[in-house]
Amino acid sequence: MSAAEAEEVRSFWQELGLPGLIDVHTHFMPDRVMDKVWAYFDSAGPLTGQPWPITYRDAEQQRVDRLREFGVRAFTSMLYPHKPGMAAWLNAWSADFAARTPDCLHTATLYPEPDAVRYVGEAVERGAKVFKAHVQVGAYDPTDPLLDGVWGLLAETGTPVVTHCGSGPAPGKHTGPGPIAAVLARHPRLRLVVAHLGLPEYGDFLDLAERYEGVHLDTTMVFTPFTERTAPFPVEERPRLRALGDRVLFGSDYPNIPYPYVDALRALTTLELGDDWLRAVCHRNAERLFSAPPGALGDLAQQGQQVRVERRCCRDEGG
C-alpha cells in the first residue's frame, strides 16, 4: 500500500470532520473460501463484459492493516455459503475472526436449511451484529419456508442483514426486487441493507426503502467508473437518494474490487449531494444502525428481548 493512497483516503474523511469511516461491506473469510471467490472474479469477464482484477489480493493481516491505515474504524466480514452445511461453519470462523479483530463488526450468514433458525439464533446470542445473505451466489429463494423463522428472528432482534438481492453483476433465478419484497411484506420490521443499491434495479429498491423504514441501501461499487460503464445510476434518481440520506451506508467490497479503494469515495463526491449527506453515509448512519437497540423499529421493549434458541454443539464442517 502506498502512503499516498492512505493519505488520500484519510484526507477524505478528515475534511468532512469525521472520526473515520465505517465500511459495511468488506469481505473476510477462511483462506480457502477466499481463494475460490478470487478465482471466480478472475474468470468473471464473460459475465460482466470487463475484466475484474482483485486490487488487494493480500494476506489477511495485511488486508486488516490496510483498512486501519485508511482510517476505517469499523468494517464487516461479509461471507456466504453456496450449499447446505456450510453456513454454521462459516459463522464459527467469523466469530473467531471478530474476537481477534475488535474493529470488525461480528458478521454471520445463513442458508435455507432445516437448522438455519438454530445456528442463526446462536450467532445472535454470541453477539453477531450483522448478517450477510447472498441470494445470487447461494442461488436460493429468500421466501423459502426454511428461512421464514430466520427472517422473523432477525426482525425481532433488530439485527441488520446485508442482502445481495439485485440482479448485478449477472441475474440469478431469485434476484431482483420481487422475492425480497415478498419477505419484507411478511417481515416489515426487518433491517434489510440492500447491497449495491440493488444494482441494476436501482429504482425498484429505492421504492422498497421508501415503503419500509427498516430498509437501508449500501453504496458498494455503485457510482464508480467501473460500474457506471455497465449499470449507471440514473441521474434522475439522485433526489430520492438525497431524501433517503439517513438510510444510505458506505460500502466498498474491499478487497475484491478492481480499482483503488479511494475510487469509491471519489465516486460519492461526484453525486454533489452535499457534505452532510456524505457525513451521514460514510459514518453516522452505520453508527446509528449498529448501535440501535433491538426492536427499535417495532414494538419490543427498549431494553430488547433475547430470542432464546436451544443450544446444540455445532459440529458442522464447511467446504
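What comes next is a walk through the structure. Since we're looking at a predicted model, the values are computed, not measured.

1. Here's the deal with the packing of helix α1 (residues 3-15) against helix α4 (residues 60-70)
Moving on, step 1. One can describe the packing of α1 onto α4 by two numbers: an axis separation of 8 Å at closest approach and a directional angle of 45°. Taken together, α1 and α4 sit at an angle that is classed as oblique. Residues Glu5, Ala6, Val9, Arg10 and Trp13 of α1 form the contact with α4, whose participating residues are Arg68, Glu69 and Phe70.

2. Some thoughts on the packing of aromatic side chains
Moving on, step 1. On inspection of all chains with the given rule, the structure shows 14 aromatic pairs.
Moving on, step 2. Note on Phe28 and Phe97: the rings are 5.0 Å apart at their centroids and 25° apart in plane angle, and the pair reads as stacked. Highlighted residues: Phe28 in the loop between β1 (21-23) and α2 (31-42) and Phe97 in helix α5 (residues 87-100), separated in sequence by 69 residues.
Moving on, step 3. Given a relative accessible area of 0%, Phe28 falls into the buried group.
Moving on, step 4. In this structure Phe97 comes out as buried when scored by relative accessible area, which is 0%.
Moving on, step 5. On the basis of an interplanar angle of 65° and a centroid distance of 5.0 Å, the ring pair of Tyr202 and Phe233 is categorised as edge-to-face.

3. Some points on the sheet that holds strand β3 (residues 104-105)
Moving on, step 1. Read from one edge to the other, the open sheet built from three strands follows the order β1-β2-β3, with strand pairing classed as parallel. Each edge of the sheet is formed by a strand with only one pairing partner; in this case those strands are β1 and β3.
Moving on, step 2. Looking at chain direction, strand β2 (residues 72-76) and β3 are connected through two bridges and run parallel. Paired with Thr76 across the two strands is Leu105, which belongs to β3.

4. Looking at the pattern of salt bridges
Moving on, step 1. Taken as a whole and assessed by the stated rule, the structure comprises 15 salt bridges.
Moving on, step 2. A salt bridge links Glu60 to Arg100; its shortest N-O distance comes to 2.7 Å. Pair noted here: Glu60 is in helix α4 and Arg100 is in helix α5, with a separation of 40 residues, a long-range link.
Moving on, step 3. Glu60 sits in the buried class, given a relative accessible area of 15%.
Moving on, step 4. One salt bridge connects Arg100 with Asp96, and the closest N-O pair in it is separated by 3.0 Å. Placement of both Arg100 and Asp96 in helix α5 is noted, with a separation of four residues, approximately one turn of the helix.
Moving on, step 5. Taking relative accessible area as the criterion, Arg100 reaches 42% and is therefore assigned partly exposed.
Moving on, step 6. What you see here is one network of salt bridges that share partners, running through Asp207, Glu210, Glu237 and Arg240.

Reading the values: the criteria
- Residues numbered from 1 in each chain as written.
- Predicted model: local features only at pLDDT ≥ 70, side-chain atom pairs only at ≥ 80, totals over all residues.
- Heavy atoms only, no water.
- Axes fitted to C-alpha atoms, helices over the stretch in contact; angles between N-to-C directions.
- Helix = DSSP H or I, 4+ residues; strand = E, 2+ residues; numbered from the N terminus.
- Parallel < 35°, antiparallel > 145°, perpendicular 65-115°, else oblique.
- Contact = heavy atoms within 4.5 Å.
- Phe/Tyr/Trp six-rings, centres within 6.5 Å; stacked < 30°, edge-to-face > 60°.
- Buried < 20%, exposed > 50% of the residue type's maximum accessible area, 1.4 Å probe, protein only.
- Pairing = 2+ DSSP bridges.
- Salt bridge = Lys/Arg side-chain N within 4 Å of Asp/Glu carboxyl O.

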